[in-house]
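Examination of the molecular architecture
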Number of protein chains: 2
Amino acid sequence: MTEADIKPARRSIGATRNPASQEAILVAAEAVLVENGLSGFSIEAVARRARAGKPTIYRWWPSQAALLLDVYHNQKRINFIFPDTGNVHDDLRAYLHGLLQTWREGASGEVFRCVVAKAQEEPAALTALSAYMAGRRQQSGKIVERAQARGEVRPEVKPELVTEILASFAWGRLLTERLNVSEEEVDAVVDAVLGGILAKPAT
Amino acid sequence: MTEADIKPARRSIGATRNPASQEAILVAAEAVLVENGLSGFSIEAVARRARAGKPTIYRWWPSQAALLLDVYHNQKRINFIFPDTGNVHDDLRAYLHGLLQTWREGASGEVFRCVVAKAQEEPAALTALSAYMAGRRQQSGKIVERAQARGEVRPEVKPELVTEILASFAWGRLLTERLNVSEEEVDAVVDAVLGGILAKPAT
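Residues numbered from 1 in each chain as written. Chains lettered and ligands numbered in written order. Predicted model: local features only at pLDDT ≥ 70, side-chain atom pairs only at ≥ 80, totals over all residues. Heavy atoms only, no water.

Along the backbone of chain A there are 10 helices and zero strands. Counted from the first residue to the last, chain A has its helices and strands arranged as α-α-α-α-α-α-α-α-α-α. Counting all 203 residues of chain A, 51% fall into the buried class. Contacts spanning at least 24 positions in sequence make up 66% of the contacts within chain A whose residues lie at least 6 apart. Accessible surface computed for chain A: about 9,300 Å², of which carbon and sulfur atoms make up 52%. (Helix = DSSP H or I, 4+ residues; strand = E, 2+ residues; numbered from the N terminus. Buried < 20%, exposed > 50% of the residue type's maximum accessible area, 1.4 Å probe, protein only. Contact = heavy atoms within 4.5 Å. Areas by Shrake-Rupley, 256 points an atom, 1.4 Å probe, with all protein chains shown as cover.)

Here is the structure:
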């Protein structure tokens, strides 16, 4: 007797998202991804595991990437840090450190690298990822905007470009499985962006 | 009458790489990738197009990723710039600009993003990409090493980390199809890493 024989099948409840079913699908999608990897991830496998209909899933999530991005958001472990300590060094350090740590722990790094991989194959996945990243840049750019308001950062600096540099560094580490960045390395990256690498002229 | 009816089949020449066949396979692999995208890329399609045997291809390239990386190397358009102008600003600017430009032109950006995507699915692809990147970091790090020898850059700065920051920025743009980076943006990124973003204290 299999699990499928015992549990009643979940029924589609139409176009309105039902929180319980939605959660079940997200949990199932995470489990399928972790167990099978991206090459074994499919809406069919998620539907089977969640005991939901494929049309239900497609009605709620237009693409695999949209579903994966929601899995990524849904993880309780995700705790993106957009801190506001009143000091740009501490804020940027916490931002980069938090990103790397989040991806190191649990499945969130695994999920996100799959979204990035999918985006290279499917236009719908790229669209979903791009919209997500635009929102993230706006959110993280506020760290630098506040520092500019305090007079810590030069006014001509583009806020979103600064946090994009840090986030891209984290992407590179995630996508080459080099997430074990030491505290010293995080400091070195943040210090480079904050203070530059040029030798100071002798005074 | 198809093309296949006219051309004589290419014969396997054993374990030694034959330059002509190798080139034909690389050209075929690029064409298959450009025409079909990553989801339609397969060793079988490459073999058919190159009129080579699948075992021949597998003997020369242990994985799809290894083949794709060789396609990437093979492109005549690739002209990575590891310049030595005697000035770290110009060198880093040319490095980042060259990377973005190379990926914008021809198929090389398309090939490289496919390698990155494959690396998220297949351990062999990640191994091939990692080895490639380690070599690239060593090569590009020399820009900063020379600047340190000239006294331009502080001695405690890790050379490979600096060019990794720039290359990761380019990766982020490639993987989200935002390669149209303006000259001003290239300057802004290089200036941030060189001189920092902090406001200079009033003198």
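Moving on, we come to the environment of A65 of chain B. Residues and elements named next belong to chain B. Here A65 is to be found in helix α5 (residues 64-74). By relative accessible area, A65 is classed as buried at 0%. In this structure, the C-alpha to C-alpha distance between A65 and A119, residues 54 residues apart in sequence, is 7.5 Å.

So, on to the interface of chain A and chain B. Across the boundary between the two partners, chain A contributes 44 residues, which contact 43 residues of chain B. Taken as a group, Q120, R154 and I197 of chain A account for 18% of the area that chain A buries against chain B, more than any other trio of residues on that side. In this structure, the connection of chain A to chain B is made through four salt bridges. Of the charged contacts in the structure, one is a salt bridge between E164 of chain A and R178 of chain B, with a shortest N-O distance of 3.3 Å. Across the chain A-chain B interface, the total number found is 22 residue pairs in polar contact (both at pLDDT 80 or more). Looking at the side of chain A that touches chain B, the elements that each hand over two or more residues are α7 (108-119), α8 (123-149), α9 (159-175) and α10 (183-195) of chain A. Looking at the side of chain A that touches chain B, its residues break down into 24 nonpolar, nine polar and 11 charged. (Buried area = accessible area lost by both parts, 1.4 Å probe. Salt bridge = Lys/Arg side-chain N within 4 Å of Asp/Glu carboxyl O. Polar contact = N/O pair within 3.5 Å; in protein donor to acceptor, adjacent residues only side chain to side chain. Nonpolar A, V, L, I, M, F, W, Y, C, P; charged D, E, K, R; others polar.)

With that settled, consider the packing of helix α6 (residues 88-104) of chain B against helix α9 (residues 159-175) of chain B. Residues and elements named next belong to chain B. Contact pair α6 / α9: the axes reach a minimum separation of 10 Å and the direction vectors enclose 25°. One element, α6, and the other, α9, form an angle in the roughly parallel class. Note on packing geometry: the crossing formed by α6 with α9 is right-handed. Mapping the contact onto sequence places L92, Y95, L96, L99, L100 and W103 in α6 and V162, T163, L166, A167, F169, A170, W171, R173 and L174 in α9. Residues belonging to the contact of α6 with α9 are distributed by class as follows: 13 nonpolar, one polar and one charged. (Axes fitted to C-alpha atoms, helices over the stretch in contact; angles between N-to-C directions. Parallel < 35°, antiparallel > 145°, perpendicular 65-115°, else oblique. Left-handed = near helix turned anticlockwise from the far one by under 90°.)

Right, let's talk about the packing of aromatic side chains for a bit. Counting across every chain of the model gives 14 aromatic pairs over all chains. Between W103 of chain A and F112 of chain A the ring centres are 5.3 Å apart and the planes differ by 15°, which places this aromatic pair in the stacked class. Taken individually, W103 of chain A and F112 of chain A each receive the classification buried, so the pair is uniform in this respect. Aromatic side chains Y72 of chain B and Y132 of chain B sit 6.1 Å apart centroid to centroid with 75° between the ring planes, which places their arrangement in the edge-to-face category. Within this pair, whereas Y72 of chain B is found in helix α5, its partner Y132 of chain B is found in helix α8 (residues 123-149), the two being separated by 60 residues in sequence. For the pair formed by Y72 of chain B and Y132 of chain B, the shared burial category is buried. One aromatic cluster is present, built from ring pairs that chain together Y72, W103, F112, Y132 and W171 of chain A. (Phe/Tyr/Trp six-rings, centres within 6.5 Å; stacked < 30°, edge-to-face > 60°.)

Our next topic: unusual backbone geometry. In the Ramachandran plot, E177 of chain A falls in the positive-phi region, its phi being about 50° despite a non-glycine side chain. Assignment of secondary structure puts E177 of chain A in the loop between α9 and α10. Since its relative accessible area comes to 51%, E177 of chain A is described here as exposed. The phi dihedral of R51 of chain B falls on the positive side, at around 55°, and the residue is not glycine. The residue R51 of chain B is located in the loop between α3 (43-50) and α4 (54-60) in this model. Using a relative accessible area of 23% as the deciding quantity, one classes R51 of chain B as partly exposed.

This part is about the relation of the copies chain A and chain B. Superposing the two chain copies requires a rotation about an axis and a translation along that axis. Of the two same-sequence chains, chain A is brought onto chain B (RMSD 0.0 Å, axial shift 0.0 Å) by a rotation of 180°. Taken together, the turn and the small shift mark the pair as related by a two-fold rotation axis. Here 98% of the interface residues in chain A have copies in chain B that are interface residues too; the copies meet face to matching face. (Least-squares fit on C-alpha atoms with pLDDT ≥ 70 in both.)

Okay, the environment of R178 of chain B next. Examined against the element boundaries, R178 of chain B turns out to sit in the loop between α9 and α10 (183-195). Residue R178 of chain B is classed as partly exposed on the basis of its relative accessible area, which comes to 24%. Sequence-distant contacts of R178 of chain B, that is, excluding residues within four places in its chain, are made with R137 and E164 of chain A together with R173 of chain B.

Let us now look at the pattern of salt bridges. A full pass over the atoms with the stated rule returns 28 salt bridges over all chains. The residue D91 of chain A makes a salt bridge to R146 of chain A at a minimum N-O spacing of 3.8 Å. In this pair, D91 of chain A sits in helix α6 (residues 88-104) while R146 of chain A sits in helix α8, placing the two residues 55 residues apart along the sequence. Take D91 of chain A: its relative accessible area is 0%, and that puts it in the buried class. Looking at R146 of chain A, the relative accessible area reads 26%, which means it is partly exposed. Counted as one network, the salt bridges with shared partners bring together E164 of chain A together with R173, R178 and E185 of chain B.

Residue and element names in this part refer to chain B. Residue placement: V71 occurs in helix α5. Between the C-alpha atoms of V71 and E23, which are 48 residues apart in sequence, the distance is 9.2 Å. Ignoring sequence-local partners within four residues, the contact set of V71 consists of L26, A29, E30 and V111.

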